[in-house]
Amino acid sequence: MTKRLLFLVWAMLAVVWATVAKPHVKNTDRPAKADFVRVEGVNLIKPNGEKLFIQGTNLGNWLNPEGYMFGFSKTNSAWMIDLMLKEAVGPDETARFWQQFKDNYITQADIDFIAQTGANTIRLPFNYKLFTDEDYMGLTHNQDGFERIDQVVGWCRKAGLYLILDMHDCPGSQTGDNIDDGYGYPWLFESEQSQQLFCDIWQRIAKRYAQEPVIIGYELMNEPIAHYFDNKDELNAMLEPLYKRAVKAIRQADRNHVILLGGARWNSDFFMFNDWTFDTNIMYTCHRYGGSATAEAINDYIAFRDKTGLPMYMGEIGHNTDEWQADFVKVMKQANIGYTFWPYKKLDGSCMMGIERPELWDSLVVKYSECDRTTYKNFREARPNQQLFRQQLEAFISNCRFERCRKQESYIRSMGLGK
């Protein structure tokens, strides 16, 4: 009995000793809040306490196709491109093209290259449909939005890059132009069903990535409310309340990440915002593609940043001369406005990596995209040779891969990156 009692005491002491002596192992699945980039005044602060000045690029066209990046002008939104391809080669071949496009357009090699240029951040535009059972990019159910973002998160972690998630195309459309993959009006602001879906998707995203420190934050919507509409004043007044509603939904699942809010009229107007104290970890984001490359040209952005005491970030800039871009990068650095250029990759140039046009791309694919297809008779008569058309689609997939693209050295230097 004594031996048995001694054995039990020894066993209990061993358990206690193992518990006390065991070194602390950080649970990487649930990092502390200090592990996240955060807003502190007009700056972003990294987990180590250093300031983060965003410099990087946008993975545009990958999860939100836009016609001009394929060389199309009339067929300029994702649903139009999809319809045109279905008319040309049928739904099965179109679905196969989109799957191959998603698998090849952006890969680990692209992310590694971006990091090698000295960039520190990637903005990832995506369509809300990637988180629904709507027909989008070759899938009609079991969409792969989380799978694609998970991929990018893993690639960025390996490459040492931060990531911003940008809902570029929102339920019901938020802009009223081709860039939101909608139907020419920002129905989001007049549809309770679309607003609820908008908030629900962001809450699902926040729940999945609440503990992911690679992600800087969530950009709720891209370039809301174009200026074309007679009721734009009423629409503008709806923007801040919808932002607050979405932030509330996100905070129920995630209190770690920064939330980014863009202004109306191509992310350039901020006068409709009156409350920037409803959350302690928000910032604002602007865009600019033209005008003079001077601080005076973005004085409104600087003034709004100074008034709110919160960071301002240039989410999109580019499509200009190398000289203009280099000059404007200096302005943004002096103004303490971080930036991501648009886009990383597209057909031809004006990007970091240019895609070469397949041999018959213009005479076959672009020509068909621009022809009159308003009736079944029209697109039947205009439909090109399907075998040749499929070959051009396959050639595009091959050409868009990182190893086949042309590095745009002077463009990269104009971004303040490269060597």
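Residues numbered from 1 in each chain as written. Predicted model: local features only at pLDDT ≥ 70, side-chain atom pairs only at ≥ 80, totals over all residues. Heavy atoms only, no water.

**Quick look at the overall build of the chain**
Spelled out, the test is: Put simply, DSSP marks the helices as runs of H or I at least four residues long and the strands as runs of E at least two long, and each gets a number from the N terminus on. Taken over C-alpha atoms, the radius of gyration is set against a globule rule of 2.2 Å times the number of residues to the power 0.38. The contact criterion used throughout is that any non-hydrogen atoms of two residues lie within 4.5 Å. The method behind every accessible area is Shrake-Rupley, applied with a 1.4 Å probe, and residues are considered shielded solely by the protein chains displayed. Positive residues here are Lys and Arg, negative ones are Asp and Glu, while His and the chain termini are left out of the count. Note that the charge is assigned to NZ on lysines, CZ on arginines, CG on aspartates and CD on glutamates.
A tally of regular secondary structure across the chain gives 14 helices and 14 strands. For 419 residues, the compact-globule estimate of 2.2 N^0.38 gives 22 Å, and the C-alpha radius of gyration of the chain, at 24 Å, lies within 12% of that figure. On the principal axes, the C-alpha backbone points of the chain span a range of 100 × 55 × 50 Å. Considering only contacts in the chain between residues 6 or more positions apart, those separated by 24 or more positions represent 74%. Accessible surface, the chain: about 18,600 Å² in total, of which carbon and sulfur atoms supply 52%. Averaging the coordinates of the 48 positive side-chain charges in the chain and doing the same for the 54 negative ones gives two points 7 Å apart.

**Comments concerning the sheet that holds strand 13 (residues 353-355)**
Hydrogen bonds along the backbone pair up the strands of a sheet, which may run parallel or antiparallel. Test applied: By the convention used here, strands pair only if DSSP detects at least 2 bridges between them.
Across the sheet, three strands lie side by side as 12-13-14; this open sheet has mixed pairing. The sheet terminates laterally at strand 12 (345-347) and strand 14 (406-407), the two strands that pair on one side only. In terms of strand pairing, strand 13 meets strand 14 through two bridges, oriented antiparallel. Its bridge partner being in strand 14, Met353 is matched across the sheet by Lys407.

**Notes on the nonpolar core**
Which entries qualify depends on this criterion: The set of buried Ala, Val, Leu, Ile, Met, Phe, Trp, Tyr and Cys residues whose side-chain atoms join them within 4.5 Å is what this entry labels a nonpolar core. Accessibility here uses a 1.4 Å probe with only protein chains present; expressed as a share of the type maximum, an area under 20% marks a residue as buried, one over 50% as exposed, and anything in between as partly exposed.
In this structure, Leu165 and Phe198 are the most contacted members of the largest nonpolar core, which totals 127 residues. Per-element accounting of this core gives the leading share, eight residues, to helix 7 (residues 232-251). The contact partners of Leu165, leaving out residues within four places of it in the chain, are Leu124, Phe126, Ile149, Trp202, Ile205, Tyr209, Ile215, Gly217, Tyr218 and Glu219.

**A look at the pairing of strand 4 (residues 55-58)**
Pairing of strand 4 with strand 11 (residues 338-341), which is carried by three bridges, proceeds in the parallel orientation. The partner of Gly56 across the bridge, within strand 11, is Thr340. For strand 4 and strand 5 (residues 121-127), the ladder comprises three bridges, and the chain directions are parallel. The partner of Thr57 across the bridge, within strand 5, is Ile122.

**Notes on the pattern of salt bridges**
Defined as follows: Definition used for salt bridges: Asp or Glu carboxyl oxygen within 4 Å of a side-chain nitrogen of Lys or Arg.
Counted under the stated rule, the structure contains 27 salt bridges. Where Arg96 meets Glu93, a salt bridge forms, and the shortest distance between an N and an O atom there is 3.1 Å. Of the two residues, Arg96 and Glu93 both sit in helix 3 (residues 91-104), three residues apart, roughly one turn of that helix. A relative accessible area of 23% means that Glu93 is categorised as partly exposed. One salt bridge in this structure joins Lys102 and Asp144, with 3.2 Å as the shortest N-O distance. You can see Lys102 sitting in helix 3 and its partner Asp144 sitting in the loop between strand 5 and helix 5 (145-159), a full 42 residues away along the chain.

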